[in-house]
Amino acid sequence: MTASQRGDNHDHAPPSPGHGWHELAHQWDQRYSASPQVFRAEPDHTLVELVGALPAGRAVDLGAGEGRNSLWLASRGWNTTAVDASGVALQRLEANALAQGLHVSTLVADLVPYLEAAVSRGEHFGLVVMAYVHPGPEQRPGLLSAAASAVAPGGHLFVVGHHLSSLGKAGPPDPDRLYVEDDVRDALTGLELLRLDRRGGVSDVEDHGTDLVVWAQRPVGRLTGPPGR
Ligand SMILES: C[S@@+](CC[C@H](N)C(=O)[O-])C[C@H]1O[C@@H](n2cnc3c(N)ncnc32)[C@H](O)[C@@H]1O
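Each chain carries its own residue numbering, running from 1 in the direction its sequence is written. Note on the predicted model: pLDDT of at least 70 is required for a residue's local features to be given, and 80 or more for side-chain atom pairs to be given and counted; whole-chain, interface and lining totals, by contrast, use all residues.

**Some details on the overall build of the protein chain**
Note the cut-off: Helix and strand assignments come from DSSP, with helices taken as H or I runs of at least 4 residues and strands as E runs of at least 2, each series counted from the N terminus. Residue burial is a threshold on neighbouring C-beta atoms within 10 Å of the residue's own C-beta, all placed from the backbone, with 20 or more meaning buried, 12 or fewer meaning exposed, and counts in between meaning partly exposed. We call two residues in contact whenever the C-beta atoms placed from their backbones are within 7 Å.
The helix and strand inventory of the protein chain stands at eight helices and seven strands. Taken across its 229 residues, the protein chain has 41% of its residues classed as buried. Considering only intrachain contacts with a sequence separation of at least 6, the fraction spanning at least 24 residues in the protein chain is 71%.

**A closer look at the site of the ligand**
Cut-off, in case you're wondering: Residue proximity rests on one test: whether the C-beta atom, placed from the backbone, lies within 6 Å of the molecule or strand.
For the ligand, the set of nearby residues contains 18 residues, the closest of which are Trp-28, Gly-63, Gly-65, Ala-85 and Ala-131. No other element matches the three residues that helix α2 (residues 21–33) contributes to the shell around the ligand.

**Regarding the environment of Phe-158**
In this fold, Phe-158 is placed in strand β5 (residues 151–162). Ignoring anything within four residues of it in the chain, the contact list for Phe-158 reads Leu-47, Leu-50, Leu-127, Val-129, Val-214 and Trp-215.

**Re helix α4 (residues 68–75)**
Burial analysis of α4 places seven of its eight residues in the buried class, which makes it a mostly covered element. Where α4 is concerned, the buried positions are Arg-68, Asn-69, Ser-70, Leu-71, Trp-72, Leu-73 and Ala-74. Check the buried side of α4 and you find it contacts α3 (45–51), β1 (58–62), β2 (79–84), α5 (87–100) and β4 (125–131). One or two steps after α4, the chain reaches Gly-77, where phi turns positive at roughly 95°.

**Digging into helix α7 (residues 140–149)**
Of all 10 residues that make up α7, seven are buried, and the element is covered over most of its length. If you check which residues of α7 are buried, you get Arg-140, Leu-143, Leu-144, Ala-146, Ala-147, Ala-148 and Ser-149. In this fold, the buried residues of α7 make contact with β1, α6 (111–120), β4, β5 and α8 (181–187).

**Re the confidence of the model for the protein chain**
Counted only if it meets this: The pLDDT value tells you how sure the predictor is about a given residue, anywhere from 0 up to 100.
In this model, the protein chain carries an average pLDDT of 89, and 88% of its residues clear a pLDDT of 70 or more. Contacts for the low-pLDDT stretch residues 1–11, under 50 throughout, to residues beyond four places or in other chains number 27 contacts. Here residues 225–229 is modelled with pLDDT under 50, and outside its nearest four sequence neighbours on either side it reaches three contacts, counting other chains as well.

**What about the environment of Ser-33?**
Within the element layout of this structure, Ser-33 appears in helix α2. Residue Ser-33 is classed as exposed on the basis of its 12 C-beta neighbours within 10 Å. Along the backbone, Ser-33 and Val-88 are 55 residues apart, and their C-alpha atoms lie at a distance of 6.7 Å.

**Quick notes on unusual backbone geometry**
Of note, Tyr-132 is a non-glycine position whose phi angle comes to about 60°, a positive value. C-beta crowding within 10 Å serves as the criterion here: with 20 such atoms nearby, Tyr-132 is assigned to the buried category.

**Looking at the packing of α6 against α7**
What counts here: Fitted lines through C-alpha atoms serve as axes, helices being fitted only where they are in contact, and the angles separating the N-to-C directions of these axes extend from 0 to 180 degrees. Each angle receives one of four descriptions, namely roughly parallel if under 35 degrees, roughly antiparallel if over 145, roughly perpendicular if within 65 to 115, and oblique otherwise. Definitions for this section: a left-handed crossing has its near helix turned counterclockwise from the far helix by less than a right angle. A right-handed crossing has that turn clockwise. All amino acids are sorted into three groups, where Ala, Val, Leu, Ile, Met, Phe, Trp, Tyr, Cys and Pro are nonpolar, Asp, Glu, Lys and Arg are charged, and the leftover types, Gly among them, are polar.
Relative orientation of the contacting elements α6 and α7 amounts to 30°, with a least axis distance of 9 Å. Overall, the two elements α6 and α7 adopt an arrangement that is roughly parallel. Handedness of the α6/α7 crossing: left-handed. Along its contact with α6, which presents Leu-111, Val-112, Leu-115, Glu-116 and Val-119, the element α7 presents Gly-142, Leu-143, Ala-146, Ala-147 and Ser-149. Its residues assigned to classes, the contact of α6 with α7 shows seven nonpolar, two polar and one charged.

**Remarks on the pairing of strand β7 (residues 210–217)**
For the record, the criterion: Following DSSP output, two strands are said to pair if at least two bridges run between them.
Taken across its eight residues, β7 has seven buried, putting it largely inside the fold. Pairing analysis gives seven bridges linking β5 to β7, with the strands arranged antiparallel. Looking at the pairing, Val-159 lines up with Val-214 of β7. In this structure, strand β6 (residues 192–200) lies alongside β7, joined through eight bridges in antiparallel fashion. Bridge pairing in β7 links Asp-197 to Val-213.

What follows is the structure, encoded as structure tokens:
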């Protein structure tokens, strides 16, 4: 058993996962186990553009997978925590970090309970990253708003995912799992939206679709959204 599976590479035990999470974790473990590398190794190029100029701080990579973005952040001095359902993916990330002389804290956990527990302990991040995580429509608003709530004052949120217009070309075959601008706008309480636009799909694998890119910042001095939002 690895450090990531035990959770002892991190200060806190994983909180209880939501309904259906064990099945999801099992499916992702199987997918990662089927090949030595499932997703591309290079970090997301828009993340690199946007974050490259920021001073390093504490970052969390939600649904980090094999860790291409976590590893890049760690190489830039970010104190990075990678959270994922798949222990197989995080073992791979740990091996790559070791080989590159980098450190990334890893945690096998369900994203929303993890974020809620972190925020309730008063933990916030200078950077929250979520790349190509595609929950169903019942979970997506809660996941986006939990991700937003973990952004520290002055910190940023970066989300990229397959846009609805990618249907049939890239991403999940279920249209309800694809991103549209309005869903994102509605969910990011308390953050200032700096960028909400589409780009040609570069994705986690080669594709011919369209990605939705979200870049938002929590104004300095504000931890929660205005009343009623
Ligand atoms: C398409 S992969 C993207 C991996 C990585 N972000 C990248 O861009 O290379 C989606 C990842 O999200 C993780 N994931 C999906 N739902 C999750 C959940 N509820 N809790 C934790 N991880 C989740 C999966 O295990 C998988 O590794």
